[in-house]
Amino acid sequence: MLRLTDFMRSEVSVIVPTHGRPNLLARALDSIARQSASPREVIIVDDIGCSETRELVAERCRATTTPLRYVASDEPGACRSRNLGASLASGDLIAFLDDDDEWMEGFLDRCSAALADCGADFALADIERRYTGAAVKRLSTRPGLTAKTVLNQRVHMTGSSFVIRSEAFWAVDGFDPAVPVFNDWDLFLRLVRAGKTYRVVNQPLVCWNEHPGERITTPTLRRAEGIDRFLGVYGADMRFHVRAYFLRIAYGIRKANEASRIGRMHLTSRMLRSAGILGSAYIAWRSAVELASKPAEF
């Protein structure tokens, strides 16, 4: 007899946005193949038309019974690729996996079960952020956040860590291509503010792999400008320490690109003015903690 969780899992369409990284994509597809039950379909959206990516997908199509579909997009960007893939999906549930991330075995199973158990609109799993070397950091989102509390702390939902009902995804028009950074956090905020409910699976089932190649989190001036835009939309409603978190990231990027000492002093002054008294105190505390944690140099 087919269980409800089995049925829901079989209704998951998986969307994989990719950007000319066939080696990383192969690893991501391997992690989908390792799931305890196959999804309904896997749609790979390529925003640069990479011939190696097309060949890889064709090869995988011949080696699996899970329907794989290659889609070439002429609109660059992860948000547009995710939305395009979701528009082509036939499943009632949608999961996204960035080409440089991986799912651990059981991701689709546990998230589908969470949705079946409580009727939530989306479920998100904990994340293992794997840095270069052996360092690993576990990231988890607090359950039960509401429209009033959602900006009181950081949210750890990435473009690879959740399964969502298709109707809930499109109720907020999916990912916003106008948000170049923290677009996954932006989606979470809009979902919660729209009254959508979520369930947290407190198991690390997603691997966020750091690598030297280009990614959305690469510390470029474009990322700093994107953070400014994000703060322009949500900053006024953030708790002081959350706002300070974003300001520190943008400051660190701009400082690394500023050769002048006077210019760096100006950036520091600008950051502290934007942070306010409490935010500045938080920034000073975080800086002291990070400095104390660094090994002494002799």
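**Some words on the overall build of the protein chain**
Here's step 1: A count of helical and extended segments in the protein chain gives 10 helices and 9 strands.
Here's step 2: A globule of 298 residues ought to have a C-alpha radius of gyration of about 19 Å, and the protein chain, at 20 Å, matches this closely.
Here's step 3: Referenced to the eigenvectors of the C-alpha coordinate spread, the extents of the protein chain come out at roughly 65 × 40 × 40 Å.
Here's step 4: For the protein chain, the proportion of its 298 residues judged to be buried stands at 51%.
Here's step 5: For the protein chain, the share of sequence-separated contacts (at least 6 apart) that also reach a separation of at least 24 residues comes to 78%.

**Some details on the packing of aromatic side chains**
Here's step 1: Inspection of every chain in the model, using the stated rule, returns 19 aromatic pairs.
Here's step 2: Ring plane angle 70° and centroid distance 6.1 Å describe the contact between Phe182 and Trp185, whose orientation is recorded as edge-to-face.
Here's step 3: Among the residues examined, Phe182 registers a relative accessible area of 12% and is labelled buried.
Here's step 4: Taking the relative accessible area as the measure of exposure, Trp185 reaches 2% and is therefore buried.
Here's step 5: Each ring, one from Phe230 and one from Phe246, has its centre 5.1 Å from the other, and the planes form 40°; the classification is tilted. Here the residue Phe230 occupies a position in helix α8 (residues 221-234), and Phe246 occupies one in helix α9 (residues 240-256), the gap between them amounting to 16 residues.
Here's step 6: You can call Phe230 buried: its relative accessible area is 3%.
Here's step 7: Aromatic ring contacts, followed pair by pair, group Phe182, Trp185, Phe230, Tyr234, Tyr245 and Phe246 into a single cluster.
Here's step 8: Against the face of Phe175 rests Arg82, its NZ or CZ located 4.6 Å from the ring centre.

**So, the pattern of salt bridges**
Here's step 1: With the rule as written, the count across this model stands at 15 salt bridges.
Here's step 2: Close ionic contact of Glu11 with Arg40 constitutes a salt bridge, the shortest N to O distance being 3.1 Å. Of this pair, Glu11 sits in the loop between α1 (4-10) and β1 (12-18) while Arg40 sits in the loop between α2 (22-33) and β2 (41-46), and the two are 29 residues apart along the sequence.
Here's step 3: A salt bridge links Glu102 to Arg34; the nearest nitrogen and oxygen atoms lie 3.6 Å apart.

**A few points about the environment of Ala95**
Here's step 1: Turning to its location among the elements, Ala95 is positioned in strand β4 (residues 93-96).
Here's step 2: Setting aside chain neighbours within four positions, we find Ala95 in contact with Val12, Ser13, Val14, Ile15, Trp103, Leu108, Phe162 and Val163.

**Quick notes on unusual backbone geometry**
Peptide bonds are mostly trans, and most non-glycine residues show a negative phi.
Here's step 1: Residues other than glycine seldom take positive phi values, yet Asp173 does so here, at roughly 65°.
Here's step 2: Relative to the helices and strands, Asp173 is located in the loop between α6 (166-171) and α7 (183-193).
Here's step 3: We note that Phe182 has phi near 55°; this positive angle belongs to a residue other than glycine.
Here's step 4: One can find Phe182 in the loop between α6 and α7.

**Examining the layout of surface pockets**
Rolled over the atoms, a probe with the dimensions of a water molecule shows which regions are left empty.
Here's step 1: Here the second largest pocket is characterised by a volume of approximately 200 Å³.
Here's step 2: In terms of lining residues, the second largest pocket is bounded by Leu29, Ile32, Ala33, Gln35, Ser38, Pro39, Val42, Arg60, Ala63, Thr64, Thr66 and Leu68.
Here's step 3: Looking at the lining of the second largest pocket, the elements that each hand over two or more residues are α2 and α3 (51-63).
Here's step 4: At 3 residues, the largest contribution of residues to the lining of the second largest pocket is made by α2.
Here's step 5: Here the lining of the second largest pocket is built from residues that sort into 7 nonpolar, 4 polar and 1 charged.

**Focus: the nonpolar core**
Here's step 1: Of all hydrophobic cores here, the largest spans 51 residues; its most connected members are Trp185, Phe188, Phe230 and Phe246.
Here's step 2: Sort the elements by how many residues they give to this core and α9 lands first, with 8 residues.
Here's step 3: Other than its neighbours up to four places away in sequence, Trp185 contacts Gln153, Arg154, Val155, Met157, Phe230, Val242, Tyr245 and Phe246.
Here's step 4: Core analysis: the second largest hydrophobic core is formed by 33 residues, Leu29, Val57, Leu68 and Leu108 among them.

**Focus on the packing of α2 against α3**
Here's step 1: Viewed as axis vectors pointing N to C, α2 and α3 meet at an angle of 25°, and their least axial separation amounts to 10 Å. Accordingly, the angle class assigned to the pair α2 and α3 is roughly parallel. In terms of crossing hand, the pair formed by α2 and α3 is right-handed. Between α2, through Pro22, Leu25, Ala26, Leu29 and Asp30, and α3, the contact on the second element is made entirely by Glu52, Thr53, Leu56 and Arg60.
Here's step 2: Residue composition of the contact of α2 with α3, by class: 5 nonpolar, 1 polar and 3 charged.

**A short note on the pairing of strand β8 (residues 162-165)**
Here's step 1: Residues Phe162 and Ile164 of β8 are buried on one face, and the alternating residues Val163 and Arg165, pointing to the opposite face, are buried as well.
Here's step 2: Examined bridge by bridge, β4 and β8 share 3 bridges and lie antiparallel to one another. The residue of β8 that forms the bridge with Ile94 is Ile164.

Reading guide: rules and limits
Residues numbered from 1 in each chain as written. Predicted model: local features only at pLDDT ≥ 70, side-chain atom pairs only at ≥ 80, totals over all residues. Heavy atoms only, no water. Helix = DSSP H or I, 4+ residues; strand = E, 2+ residues; numbered from the N terminus. Rg over C-alpha atoms; globule rule 2.2 N^0.38 Å. Buried < 20%, exposed > 50% of the residue type's maximum accessible area, 1.4 Å probe, protein only. Contact = heavy atoms within 4.5 Å. Phe/Tyr/Trp six-rings, centres within 6.5 Å; stacked < 30°, edge-to-face > 60°. Lys NZ or Arg CZ within 6 Å of the ring centre and 35° of its normal. Salt bridge = Lys/Arg side-chain N within 4 Å of Asp/Glu carboxyl O. 1 Å grid on protein atoms, 1.4 Å probe; cavity = no way out; pocket = protein on both sides within 12 Å on 5 of 7 lines; lining within 4 Å. Points joined across faces, edges and corners; volume = space filled by probe spheres on them. Nonpolar A, V, L, I, M, F, W, Y, C, P; charged D, E, K, R; others polar. Core = buried A, V, L, I, M, F, W, Y, C linked by side-chain atoms within 4.5 Å. Axes fitted to C-alpha atoms, helices over the stretch in contact; angles between N-to-C directions. Parallel < 35°, antiparallel > 145°, perpendicular 65-115°, else oblique. Left-handed = near helix turned anticlockwise from the far one by under 90°. Pairing = 2+ DSSP bridges.

Any functional reading would require information beyond the geometric quantities listed.
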